Amino acid sequence: MSGIRVLVGCKRVIDYAVKIRVKPDKSGVVTDGVKHSMNPFDEIAVEEAVRLKEKKIVSEIVAVSCGPTQCQEVLRTAMAMGADRAIHVEVDPATYDHLQPLHVAKILSKVAQEEKVDLVLTGKQAIDDDANQTGQMIAALLDWPQATFASKVEKTNGELKVLREIDGGLETIKVRLPAVLTTDLRLNQPRYATLPNIMKAKKKPLVKKTPADYGVDVTPRQKVLKVEDPPVRQAGAKLASVEELVAKLRDAGLIPT
Amino acid sequence: MALRFRQRRTAAQICHILHRNLAPRQKRCILTGSSIDPAHGLGDDQRQIQQVALDFAQNELAPNMQQWDAEEIFPVESLRKAASLGFGAVYCSDQFGGTGLSRLDASVIFEALATGCCSTTAYISIHNMCAWMIDKFASDDLRSKWIPKLASMEAFASYCLTEPGAGSDAASLITSAKKDGQDYVLNGAKAFISGAGKSDVYVVMCRTGDQGAKGVSCILVEKGSPGLSFGKKEKKVGWNSHPASIVSFDDCRVPQRNLVGVEGQGFSIAMRGLNGGRINVASCSLGAALAAIQHARGHMKVRKQFGKTLDSFQYLQFRLAEMATQLVASRLMVRNAATSLDNKDPNAVALCSMAKLFATEECFKICNDAMQIFGGYGYLKDYPVQQYMRDTRVHCILEGTNEIMRLLVARDILTER
């Protein structure tokens, strides 16, 4: 068996450590001059693909990212970590502001078909919009089985055995390939890209495409009306006694009178 | 249920989870886009390399730096982990396993690593300097023997120039190497040797000829060579994550093939190594100063006196602005000097000396000022600023004292051309 082919979705997001600022006109958040990096969940997806390749289960890893030119940075990171090549689906910044999970899912499912991959791996969600939709939508569009929130993946002949973290505990499911898999936090801990691999990644092929190349219409279907800061936490008060506390709770309607 | 629950989590919560679960990750301390951002002016590749170094510093070095300092631990595992990413032989050619990057890249890397632990990074930088001297000047036999091991830090290296009686006047060194059959027999002692006892190979400058610089040769001495011994471990103000002691040679026998370059070339090799070493140690100062500024800035935003936070006092605002300015000026000089080495600029010696003089002094002042901003807390070992101050102090003394730096600059200026 020649091993399975994997497509890994890599989103470029505002770095997790950055303090997010809302634009004064409330149209979105400030991204200019702000540090960006690969969505941490996607980093876990890349790591998993690379580990599967090291176990000779995977034969080729293709990284894909949709967005403005700077997305190539995260693709280079993916290739430095071990992806074999990359596809950058260029979306201009203005359009990208309104790009929605369905658009990305349509593009990625077309890429998956064109590249004849057996597995689509993505983070379970991106830390910027927290949509948690893309993986599931790709599965629906391709009519492939999905294994979301994976925290352990094993290959058994022609199938993937996936451990999922659910509220009640752990669930083990089997999916037949081709399939879509989204990664949870505890699946693995991504490696550092080594300096020699960063250098080698520069020579790996990165192909530029547009949504039109895949016949995907990226006209927005939703309109963002307003983006606001979360409410600032109100100052509390110190109470002298339990009675006072109960009275306050009663006043606030939090316990029955 | 699980899905709905997960969808409700905000990015902040996810970040919180990330911090909790991904090793002992501290909050990444970044001032991206600000005027002191160390990524300013770098190309994409350098930024990517820098990010790896910053991540490594934050995840692997910073959480341990205080313990390594207090308990004087030489962190072998962490060093090898750093080497596995390519930090062991950064500017050695890739022919025998070096990473093959430039001096400027190395400076960017050492600055980034030093934000996590200045002392450990300083050792890495010395190791790199030794590896480069071997890679640049030694025979292919020695290169193929040592460079792969040094690049992976399976073997550690130490630089041995200074003697108890020969410091700034390095060319007056008296450790001798005399030919005897197929060997050299070394006698003498080297002082303040970083890594002594832990290192596997010692790059020793010793006298094979007449008085003066021309009589000096560079010889590799392996740990375990007969007649090689180490003095008691020195007690230092900073730089505590690697040992230093006297290295003694008593009829120490090494094969003649361990000669690096040719006889009489040793002093030149030592100085060529030090040019890079000066950039390296100055880069370590930059990283410590950057970290100190970040800590001071953080403290100013939360510490309240006279009913307001420290960042609202103009004196401290101005002080912080001066620290930032000193840092950026230092960084520009260091990177300029690194570029001059990359370009084999005839003025590289003076430019490296100026950069080392300026950056190590200014960055020490920055760390010291950061400590002042912390007030009484700054003097406590619970807070890392004092460690940056202690670790950077020695940068004004070693790799050529800053007085020798002035001498080298003056010599350059006064030369008739």
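Residues numbered from 1 in each chain as written. Chains lettered and ligands numbered in written order. Predicted model: local features only at pLDDT ≥ 70, side-chain atom pairs only at ≥ 80, totals over all residues.

As a further point, take the overall build of chain A. Secondary structure assignment for chain A yields seven helices and eleven strands. Counting over 257 residues, chain A shows a buried share of 40%. Considering only intrachain contacts with a sequence separation of at least 6, the fraction spanning at least 24 residues in chain A is 70%. (Helix = DSSP H or I, 4+ residues; strand = E, 2+ residues; numbered from the N terminus. Buried ≥ 20, exposed ≤ 12 C-beta atoms within 10 Å, placed from the backbone. Contact = placed C-beta atoms within 7 Å.)

For the rest of this paragraph, the subject is the nonpolar core. Across soluble globular proteins, nonpolar side chains show a tendency to be buried alongside one another. By size, the foremost hydrophobic cluster in this structure holds 191 residues, and its most contacted members are Val 8 and Ala 63 of chain A together with Val 203 and Cys 367 of chain B. It is helix H11 (residues 348-373) of chain B that provides the largest number of residues to this core, a total of 17 residues. With six residues, the next largest nonpolar core counts Ile 14, Tyr 16, Val 18 and Ala 126 of chain A among its residues. (Core = buried A, V, L, I, M, F, W, Y, C linked by C-beta atoms within 7 Å.)

A few words now on helix H3 (residues 44-61) of chain B. Between its first and last C-alpha atoms H3 of chain B spans 24 Å; for 18 residues at 1.5 Å apiece the expected length is 26 Å, and the two agree. Structurally, H3 of chain B contributes buried residues whose contacts are with helix H2 (71-81) and helix H6 (195-201) of chain A together with helix H4 (65-71), helix H5 (76-84), helix H6 (103-114) and helix H7 (118-137) of chain B. (Expected span 1.5 Å × (residues − 1).)

This brings us to the packing of helix H9 (residues 266-302) of chain B against helix H12 (residues 385-393) of chain B. Pairs of packed helices are described in terms of their axes, by the angle between the two and the distance that separates them. Residues and elements named next belong to chain B. Close contact between H9 and H12 brings their axes to 9 Å; oriented N to C, the two are set at 160 degrees. With respect to each other, H9 and H12 are oriented roughly antiparallel. Regarding H9 and H12, the two cross each other, and that crossing is left-handed. On the side of H9, the interface is formed by Ser 285, Ala 288, Ala 291, Ala 292 and His 295, while H12 contributes Val 385, Tyr 388, Asp 391 and Thr 392. Counted by class, the contact of H9 with H12 contains five nonpolar, three polar and one charged residues. (Axes fitted to C-alpha atoms, helices over the stretch in contact; angles between N-to-C directions. Parallel < 35°, antiparallel > 145°, perpendicular 65-115°, else oblique. Left-handed = near helix turned anticlockwise from the far one by under 90°. Nonpolar A, V, L, I, M, F, W, Y, C, P; charged D, E, K, R; others polar.)

Our next topic: the UniProt feature "domain: Electron transfer flavoprotein alpha/beta-subunit N-terminal" (unreviewed entry) in chain A. What UniProt calls "domain: Electron transfer flavoprotein alpha/beta-subunit N-terminal" (unreviewed entry) maps, in this numbering, to residues 26-218 of chain A. Taken end to end, residues 26-218 of chain A has its terminal C-alpha atoms 23 Å apart, with 31% of it in helix and 31% in strand. (UniProt positions renumbered as here; feature names shortened; annotations may be inferred.)

A few words now on the confidence of the model for chain B. Detailed reading of the predicted model is not advised wherever pLDDT is low. Residues and elements named next belong to chain B. Here chain B shows a mean pLDDT of 92. Residues at 70 or above account for 92%. Overall, residues 1-29 carries pLDDT values under 50, and its contacts beyond four positions in sequence, including any with other chains, amount to 34 contacts. Both scores are given for the predicted complex: the pTM is 0.88, the ipTM 0.81. (pLDDT = per-residue confidence, 0-100.)

All names here are of chain A. On the basis of which strands lie adjacent, the open sheet formed by nine strands has the order S9-S8-S7-S10-S6-S1-S4-S5-S11 and mixed pairing. Single-partner strands in this sheet number two, and they are strand S9 (169-176) and strand S11 (206-209). Going across the sheet, the axis of each strand differs from the next one's by a mean of 30 degrees, ignoring polarity. Docked against the sheet, H2 engages strand S1 (4-9), strand S4 (58-67), strand S5 (85-90) and S11, running at close to 165 degrees with respect to S4. (Pairing = 2+ DSSP bridges.)

On to the domain arrangement of chain B. Residue and element names in this part refer to chain B. Looking at chain B, the domain boundaries give domain 1 (44-151), domain 2 (157-267) and domain 3 (273-414). Once you take the C-alpha centre of each, domain 1 and domain 3 turn out to be 20 Å apart. Going through the elements one at a time, H4, H6 and H7 are the ones with two or more residues in the side of domain 1 that touches domain 3. Across the side of domain 1 that touches domain 3, the residue classes tally to 13 nonpolar, eight polar and three charged. (Domains from an automatic or database assignment.)

Turning our eyes to something else, we now look at the packing of H7 of chain B against helix H8 (residues 140-151) of chain B. Residues and elements named next belong to chain B. As a packed pair, H7 and H8 sit with axes 9 Å apart at the nearest point and diverge in direction by 160 degrees. In this view, H7 runs roughly antiparallel relative to H8, as classed from their interaxial angle. With respect to the hand of their crossing, H7 and H8 are arranged in left-handed fashion. On H8, the residues that touch His 127, Ala 131, Ile 134 and Asp 135 of H7 are Leu 142, Arg 143, Trp 146, Ile 147, Leu 150 and Ala 151. When the residues that make up the contact of H7 with H8 are grouped by side-chain class, the tally is seven nonpolar, one polar and two charged.

As a further point, take the UniProt feature "domain: Acyl-CoA oxidase/dehydrogenase middle" (unreviewed entry) in chain B. Taking the numbering used here, the UniProt-annotated feature "domain: Acyl-CoA oxidase/dehydrogenase middle" (unreviewed entry) corresponds to residues 159-252 of chain B. In this annotation, residues 159-252 of chain B is assigned 0% helix and 48% strand; the end-to-end C-alpha distance for the span is 17 Å.

A word on the environment of Asn 347 of chain B. Residues and elements named next belong to chain B. Here Asn 347 lies in the loop between helix H10 (314-342) and H11. Overall, Asn 347 belongs to the exposed group, with 11 C-beta atoms counted inside 10 Å. For the pair Asn 347 and Leu 42, spaced 305 residues apart in sequence, the C-alpha to C-alpha distance is 23 Å. When residues no more than four places from it in sequence are discounted, the contact partners of Asn 347 are Ser 340 and Asp 412.

Our next topic: unusual backbone geometry. Cis peptide bonds are those with omega within 30 degrees of zero, and the linkage from Leu 177 of chain A to Pro 178 of chain A qualifies with 0 degrees. Summarising the element assignment, Pro 178 of chain A is placed in the loop between S9 and strand S10 (179-183). A positive phi angle, close to 55 degrees, is found at Phe 192 of chain B, a residue other than glycine. On the secondary structure map, Phe 192 of chain B appears in strand S3 (residues 183-194). For Phe 192 of chain B, a count of 21 C-beta atoms within 10 Å gives the class buried. The residue Lys 344 of chain B is not glycine, and still its phi comes out positive at about 50 degrees.

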